[in-house]
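# Coordinate inspection notes
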Amino acid sequence: MKEYNKEELISKYKEYLMPSVHTSFSEPLCLERGEGEFLYDVDGNKYLDFYTGIMVVISGHCNEKVTKAVSDQIQKLQHSTSFFINRPVVELAEKLAEITPGKLKQSFFVNSGSEAVEGAINLAQIYTKNNTVIGLQHGYHGRTLLTKTLTAISAWRQGATNISDIRYTPSAYCYRCPFNATPENCDVVCANYLNEVIQTQTSGEIACVVAETIQGVGGLITPPKDYFKILTEITKRYGGLLIIDEVQTGFGRTGGKMFAIEHYGVEPDIMTMAKGLANGFAIGAFISEQEIASCFAGPSVSTFGGNPVSAAAAVANIEYIEENDILTNSERMGSILKEKLLQLKEKYSIIGDVRGRGLYWGLELVKDKKTKEPAWEEAERMTQLCKDEGLIIGQSGSWFHVLRLGPPLNITEDRIGEGIEMLDLAFSRLK
Ligand code: PMP
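What you are looking at is a predicted structure, and each value in this text was computed from that prediction instead of being measured.

Ordered in space as β4-β10-β9-β8-β7-β5-β6, the 7 strands form an open sheet in which the pairing is mixed. What marks the edges here is a single partner per strand, and that holds for β4 (104-110) and β6 (166-169). On average, each strand axis in the sheet is tilted by 25° relative to the strand beside it, whichever way the strands run. Note: strand β5 (residues 133-136) against β6, 4 bridges, orientation parallel. The residue of β6 that forms the bridge with Gly135 is Tyr168.

And the structure:
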């Protein structure tokens with residue numbers, strides 16, 4: 001490997017990668033290594049990581065158990081393809097059937113979240129013999145043609161979005177309710193509106209509704225407790241399947257439960273996952289109940305799907321979560337983080353809303369609390385100011401105006417305190 005310095009890395013990155021492979025910060029962060037909740041750049045600077053590579057490294061960077069499982073597997077078998085069986089993929093599939101909600105049982109392994117959502121929709125269309133797919137406004141599902149078309153945030157829809165059988169229904173964006181209602185008086189009109197969408201924009205029969213439990217890229221939009229019950233009931237009424245996209249929210253991210261949808265008492269027909277599944281190794285999956293999966297018997301293959309190294313990482317990662325009671329930690333640390341973020345909201349008027357669950361939080365920044373004009377430049381400056389303090393956070397929201405926080409799920413109270421101190425300092429420096 002060539003020993004490029006930081007300047008060379010940045011200039012070659014810009015020369016040889018497409019400009020759409022966007023980097024954060026005024027000067028891109030060039031990473032050297034990670035350890036637990038910390039990242040180190042090529043100049044040796046240390047950062048507390050409250051972003052975990054977009055909610056991926058849930059068990060900490062270079063987690064010992066995951067690293068050992070990977071290095072053991074690498075000595076034995078590195079690739080198989082889905083035409084052949086390897087040990088880790090069998091163990092992983094069995095484990096997923098055990099830890100996912102309801103009757104979800106049979107998995108299909110792929111390499112990314114986009115592919116997982118794409119595969120889940122294909123399955124729903126085959127099963128229902130219908131093509132119409134309904135997504136949620138402010139939803140993000142990937143960058144393949146289908147998932148980009150399903151994504152309902154204009155910034156992430158560059159290029160063709162020409163899949164015709166897709167419709168959109170409102171998400172539960174209570175802070176900017178499209179119906180001008182408040183959670184106290186709304187009767188969850190956003191969820192009920194799905195009925196209108198189906199009756200006026202479809203033939204009356206649908207393949208599926210696809211929803212993130214918490215809309216991450218959309219800005220941590222966190223639905224009220226009845227949202228998914230209503231969505232499920234209406235989806236079933238018109239013959240559709242409910243696909244829940246847990247690519248960001250799975251594996252304990254939202255505290256107390258393995259998957260965020262479990263907080264809502266709803267069992268999806270198909271669920272997608274990726275990101276946190278293998279703590280940083282490339283893998284994605286969709287899982288459904290057996291009866292649904294059984295209609296998808298024609299051949300389908302994923303060359304890298306179910307790769308033994310990624311599968312071994314995923315098994316070790318899930319075992320780590322279970323053995324260390326990470327779900328309890330993410331719930332407990334999450335409530336501490338929530339309290340501290342609410343205190344910051346009292347202190348800084350630019351914070352319009354604080355929302356999320358477990359160890360997944362968003363701070364919506366607004367120029368003025370009355371007009372709620374999105375403060376995206378300030379959000380961008382905040383991520384930079386945090387980095388200058390030694391804290392990595394993310395930026396999301398349909399107008400890039402939401403700060404996104406997601407530390408590793410094994411984080412301690414002391415580290416949460418340190419992160420909040422840096423965030424507080426950054427807010428104090430924001431002019
Ligand atoms: N679904 C959700 C909810 C996501 O957040 C993402 C990625 N941010 C995707 C799907 C696509 O995942 P990937 O980038 O791995 O294709």
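Having put the structure on the table, let's press on.
Turning next to the packing of helix α12 (residues 376-389) against helix α13 (residues 413-429). Angle between the axes and distance between the axes: these two values describe a pair of packed helices. Between α12 and α13, the least distance of the axes is 9 Å, while the angle of their chain directions is 125°. Classified by the angle between their axes, α12 and α13 sit oblique to one another. Handedness of the α12/α13 crossing: right-handed. Along the contact surface, α12 presents Met382, Leu385, Cys386 and Glu389, while α13 presents Met422, Leu423, Leu425, Ala426, Phe427 and Arg429.

Burial runs high along strand β8 (residues 241-245): 5 of the 5 residues are buried. Judged by which residues are buried, β8 turns out to be covered on both faces: Leu241, Ile243 and Asp245 on one side and Leu242 and Ile244 on the other are all buried. Where strand β7 (residues 208-212) meets β8, 5 bridges bridge the pair, whose relative direction is parallel. Bridging from a neighbouring strand, Ala211 pairs with Ile244 of β8.

Let us now look at the sheet that holds strand β15 (residues 402-405). One open sheet accounts for 4 strands, arranged β11-β12-β15-β14; its pairing is antiparallel. Looking at the sheet topology across the chains shown, the edges are occupied by β11 (351-357) and β14 (394-396). Adjacent strand axes in the sheet meet at a mean angle of 25° when their direction is disregarded. As paired elements, β14 and β15 share 3 bridges and run antiparallel to each other. Within β15, the residue paired with Gln395 across the bridge is Leu403. The sheet contacts of helix α11 (residues 326-347) involve β11, β12 (360-365) and β15, and relative to β11 the element is tilted by about 175°. In the packing of α12 onto the sheet, contacts are made with β12, β14 and β15, and the angle to β14 comes to roughly 165°.

The rules behind the values
Along each chain, residue indices are assigned from 1 in the same order as the chain's sequence is written. With the structure being a predicted model, the display of local features is reserved for residues of pLDDT at least 70 and the display and counting of side-chain atom pairs for 80 or more, all residues being used for whole-chain, interface and lining totals. Hydrogens and waters are ignored; side-chain quantities use all the structure's heavy atoms. At least two bridges found by DSSP between two strands is the condition for calling them paired. Each helix corresponds to a stretch of at least 4 residues labelled H or I by DSSP, and each strand to a stretch of at least 2 residues labelled E; elements are numbered beginning at the N terminus. Helix axes are fitted to C-alpha atoms over the stretch in contact, other axes to C-alpha atoms as well, and angles between N-to-C directions run from 0 to 180 degrees. By the definition adopted for this analysis, an angle is roughly parallel if under 35 degrees, roughly antiparallel if over 145, roughly perpendicular if from 65 to 115, and oblique otherwise. Each helix crossing is assigned a hand: it is left-handed if the near helix lies turned anticlockwise from the far helix by less than a right angle, otherwise right-handed if that turn is clockwise. Contacts are assigned to residue pairs that have any heavy atoms within 4.5 Å of one another. Partly exposed residues are those whose accessible area sits between 20% and 50% of the maximum for their type, while under 20% is buried and over 50% is exposed, using a 1.4 Å probe and protein chains only.

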